[in-house]
Amino acid sequence: MSDYDIIVIGGGIVGAASALKIKREKPGLSVLLLEKEAAAAQHQTGRNSGVIHAGVYYAPDSLKAKYCREGLQRTIAWCQQYDLPYQQCGKLIVATDEQEEARLQQLYLRCQQNQLQPELLSAAQLRAKAPAISGSAAMFIQQTGITDYKRLTAHFLAQFEQLGGKVRFNTQVDQLEENEHKVRVVCKSEQFSAAQVLNCAGVYSDELIRQLKPDIDWRIIPFKGEYFRLPEKYNRIVEHLIYPVPDPQLPFLGVHLTLMIGGYVTVGPNAVLALGKEAYGKTELQFHQFVDMLCYSGFRQVVKKNWRSGMEEFRNSLNKRGYLKLVQKYCPQIQLQDLLPYPAGIRAQAVSDNGELIHDFRFAETARSLHVGNAPSPAATSALPIADAIYSKLADKL
Ligand SMILES: Cc1cc2nc3c(=O)[nH]c(=O)nc-3n(C[C@H](O)[C@H](O)[C@H](O)COP(=O)(O)OP(=O)(O)OC[C@H]3O[C@@H](n4cnc5c(N)ncnc54)[C@H](O)[C@@H]3O)c2cc1C
């Protein structure tokens, strides 16, 4: 059984950034990263909108706000330093009626509390800035950008390996056993041991946590985000990211138009309950996982509290015309035939036993393990500061 100072589970952006941080700070440690897929960033990190968020929405005293502010600066600086693609294209949040205008005003204040310098626009100013977009008012946030988080993750791992870190793909961790001296990490055909384990397993992180800390009062529920890609003729339909005004009751940001690093535009994501942690297909069901979800009281409570919006999302997911309406609200020229297939993502959303969606980052600890329990959006933007926070939690134990 190979023995390491620390084993990191999960080769998404949080695991990769954290492994690199640990190796940079303590080059003498033996660090192993285990990833169940054949390559890095195959789940949330490689299936997201690619937005470098500026921190518009988050409660000013939350970890989300703090890490996002710092993550924006550091992600851009990293891309500049290592010649990785990014674009600081700015973001327009578009209101389409009076109710949304009122919410936009609240977001404007929130932006200022979060140390941004938003610009409020009238309908005419919006038209001048984005002729394809219609709305009654808008807010422009210049700092927001885009990048390719898959490439960023691959770059973190390449640097980690250059420093002597080890990465093993196709290696799924099935079991963790902790004793006074070590954690035993059991995979299908081999076992490892480590003085410390860092769990960054995304949508599966709760299952690993519960093996060492059975008393946590929350679980990860998977929420699918479905996208479409627009045809090439729309590659320059907008020069900025276009977002609706989010519903304050829901943690997700709404279907937006996103410029992608490849030069094309996507529409999405919605937020539909996924019927399994990797059930990416429209009607895909992972039976055992779904039954497990049904048995969880927090899940049943979430469904009870949000059944109306949940049904609406399901309807729009199954019926492209419903989805189209969400887009046409602010971009009327998009038609049904313009919505081309594009891979969906699944968000790992922590839900408490009493059915509350947990909005902020959440960690759990035992003597020999640290777990990233909830790393929702904008965790890709915030990966570098999250890695620093993880390192400071671990530093004394390493
Ligand atoms: C639809 C969507 C849109 C988003 N848009 C944005 C955005 O624009 N900007 C932004 O900042 N954030 C965005 N996010 C959020 C962001 O993508 C995630 O917060 C971030 O990628 C989380 O990274 P992670 O490393 O924690 O998780 P993941 O990327 O999911 O990585 C977890 C890894 O662990 C591996 N793993 C799991 N279990 C095991 C096991 N037992 N053994 C070994 N390996 C295991 C998985 O294979 C996976 O590679 C979005 C998310 C989604 C889903």
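I will try to describe carefully the structure that is included in this document. Please read these numbers as outputs of a predicted model, since none were measured by experiment. (Residues numbered from 1 in each chain as written. Predicted model: local features only at pLDDT ≥ 70, side-chain atom pairs only at ≥ 80, totals over all residues.)

With respect to spatial proximity, 42 residues lie near the ligand, and among them G10, G12, G202, G225 and A379 are the closest. For the shell around the ligand, the secondary structure elements donating two or more residues are helix 1 (13-25) and strand 18 (340-352). (Near = placed C-beta within 6 Å. Helix = DSSP H or I, 4+ residues; strand = E, 2+ residues; numbered from the N terminus.)

Quick look at the nonpolar core now. Membership of the largest hydrophobic core comes to 118 residues, with the highest contact counts inside it found for I7, I9, A17, I242 and I386. The residues contacting I242, other than those within four sequence positions of it, are L92, V94, A130, I133, H256, L257, Y330 and C331. (Core = buried A, V, L, I, M, F, W, Y, C linked by C-beta atoms within 7 Å. Buried ≥ 20, exposed ≤ 12 C-beta atoms within 10 Å, placed from the backbone. Contact = placed C-beta atoms within 7 Å.)

Moving on, we come to helix 1. Between its first and last C-alpha, helix 1 extends 18 Å over 13 residues, near the 18 Å set by a 1.5 Å rise per residue. Most of helix 1 is tucked away: 11 of the 13 residues are buried. Among the residues making up helix 1, those that are buried are I13, V14, G15, A16, A17, S18, A19, L20, K21, I22 and K23. Elements that come into contact with the buried residues of helix 1 comprise strand 1 (2-9), strand 2 (31-34), helix 5 (149-162), strand 12 (191-199), strand 20 (369-374) and helix 10 (383-394). (Expected span 1.5 Å × (residues − 1).)

On to the pairing of strand 2, then. With burial as the criterion, each face of strand 2 is covered, one bearing V31 and L33 and the other bearing L32 and L34. The sheet contact formed by strand 1 and strand 2 spans four bridges and is parallel. The residue bridging V8 from the neighbouring strand is L33, located in strand 2. As for the winding sense of the linkage, the β-α-β connection from strand 1 through helix 1 to strand 2 is right-handed. (Pairing = 2+ DSSP bridges. Right-handed = clockwise from strand over helix to strand, strands pointing away.)

Looking now at the environment of C200. Structurally, C200 is set in the loop between strand 12 and helix 6 (205-212). Residues C200 and I13, spaced 187 residues apart in sequence, show a C-alpha to C-alpha distance of 9.0 Å. Among all residues touching C200, those that are not within four sequence positions of it are V8, I9, G10, G12, V14, G15, S18 and V372.

Here P60 is to be found in the loop between strand 3 (51-52) and helix 2 (63-82). With 54 residues separating them along the chain, P60 and N114 place their C-alpha atoms 5.7 Å apart. In this view, P60 contacts A65, Q113 and N114; residues no more than four positions away in its chain are not counted.

What the three strands build is an open sheet, ordered 3-8-4; its pairing is antiparallel. Looking at strand neighbours, the two that pair on one side only are strand 3 and strand 4 (86-87), the edges of this open sheet. Bridge count for strand 4 against strand 8 (residues 145-147) is two bridges, and the pairing is antiparallel. Of the residues in strand 8, the one forming a bridge with Q87 is I146.

What follows deals with the pairing of strand 1. By the bridge criterion, seven bridges tie strand 1 to strand 12 in an arrangement that is parallel. Paired with I7 across the strands is V197, a residue of strand 12.

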